[in-house]
Amino acid sequence: MIRRPPRSTPAYTLFPTRRSSDLEFHSPQPVENTRRMCDYGVTHFSFEVEDVHASYQALKAHGVKWHSDPIDAGDGYLMTYGRDPFGNVIEIQQVPDERAYAFAQLRGE
């Protein structure tokens, strides 16, 4: 893994690597989140993963509390929502490669 120098602002630090990036937020300070998933604005982070079931188990072992087991939302699109140990809502999704918005398509593979 190649580490590049972090980019930092008062709000966050971005630690880029060749294949991914780590993002650490410094502000605003956490507050109780009472917003619903359907409300306007950023309510959660979503991650595309290669194997939703393996990611589900690995993240569960590290403290993620899942709302449900992964489901097939249609045509092989697998997903689930949960809360990380800090209470942030996350989504993991496995998108079939033939979907126009799958990373494989966006990368031109």
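One can find the structure itself at the top, above this paragraph.
The structure contained in this document is the topic of the report that follows. (Residues numbered from 1 in each chain as written. Predicted model: local features only at pLDDT ≥ 70, side-chain atom pairs only at ≥ 80, totals over all residues. Heavy atoms only, no water.)

## Focus on the overall build of the chain
Helix and strand counts for the chain come out as two helices and eight strands. Secondary structure of the chain in N-to-C order comes out as β-β-β-β-α-β-β-β-β-α. Burial status across the chain gives 26% buried among its 109 residues. Contacts spanning at least 24 positions in sequence make up 26% of the contacts within the chain whose residues lie at least 6 apart. Just so you have it, the chain exposes about 8400 Å², and 56% of that area is on carbon and sulfur atoms. (Helix = DSSP H or I, 4+ residues; strand = E, 2+ residues; numbered from the N terminus. Buried < 20%, exposed > 50% of the residue type's maximum accessible area, 1.4 Å probe, protein only. Contact = heavy atoms within 4.5 Å. Areas by Shrake-Rupley, 256 points an atom, 1.4 Å probe, with all protein chains shown as cover.)

## What to know about a negative patch on the surface
A grouping of Glu50, Asp51, Asp97 and Glu98 is seen on the molecular surface, where their side chains present a negatively charged patch. Structurally, the position occupied by aspartate 97 is in the loop between strand E8 (89–94) and helix H2 (103–106). (Patch = residues over 30% accessible without salt bridge, like charges linked within 9 Å, V, L, I, M, F, W, Y side chains within 5 Å. Salt bridge = Lys/Arg side-chain N within 4 Å of Asp/Glu carboxyl O. Lys, Arg positive; Asp, Glu negative; His and termini not counted. Charge placed at Lys NZ, Arg CZ, Asp CG, Glu CD.)

## Re the nonpolar core
Core analysis: the biggest nonpolar cluster contains eight residues, these being Val49, Val52, Tyr56, Val64, Trp66, Leu78, Ile90 and Ile92. For this core, the secondary structure elements donating two or more residues are helix H1 (52–61) and E8. If we ignore the near neighbours within four places in the chain, the residues touching valine 64 are Leu59, Gly82, Arg83, Asp84 and Ile90. (Core = buried A, V, L, I, M, F, W, Y, C linked by side-chain atoms within 4.5 Å.)

## Here we look at the packing of aromatic side chains
All chains considered together, the criterion is met by two aromatic pairs. With a centroid separation of 6.5 Å and 25° between ring planes, the pair formed by phenylalanine 45 and phenylalanine 47 is classed as stacked. (Phe/Tyr/Trp six-rings, centres within 6.5 Å; stacked < 30°, edge-to-face > 60°.)

## Quick notes on the side chain of aspartate 84
One can find aspartate 84 in the loop between strand E7 (78–83) and E8. One buried charged residue, aspartate 84, forms no salt bridge at all, with the nearest opposite charge on arginine 83 at 7.3 Å. Within polar-contact distance, the side chain of aspartate 84 engages the backbone nitrogen of phenylalanine 86 at 2.8 Å. Excluding residues that lie within four positions of it along the chain, aspartate 84 makes contacts with Gly63 and Val64. (Polar contact = N/O pair within 3.5 Å; in protein donor to acceptor, adjacent residues only side chain to side chain.)

## A few points about H1
Buried residues of H1: Val52, Ser55 and Tyr56, and no others. The arc that holds every buried residue of H1, seen down its axis, measures 105°, which confines them to one face. On its buried face, H1 sits against strand E5 (65–66), E7 and E8. Measuring from the backbone nitrogen of histidine 53 back to the side-chain oxygen at the start of H1 gives 3.1 Å, which picks out aspartate 51 as the cap. Glycine 63 sits one or two positions beyond H1 and adopts a positive phi of about 105°. (Arc of directions from axis to C-beta.)

## Structural notes on unusual backbone geometry
Leaving glycine out, the prevailing phi sign among residues is negative, and the prevailing peptide bond configuration is trans. Even without being glycine, aspartate 75 reaches a positive phi, approximately 55°. Take aspartate 75: it is sitting in the loop between strand E6 (71–72) and E7.

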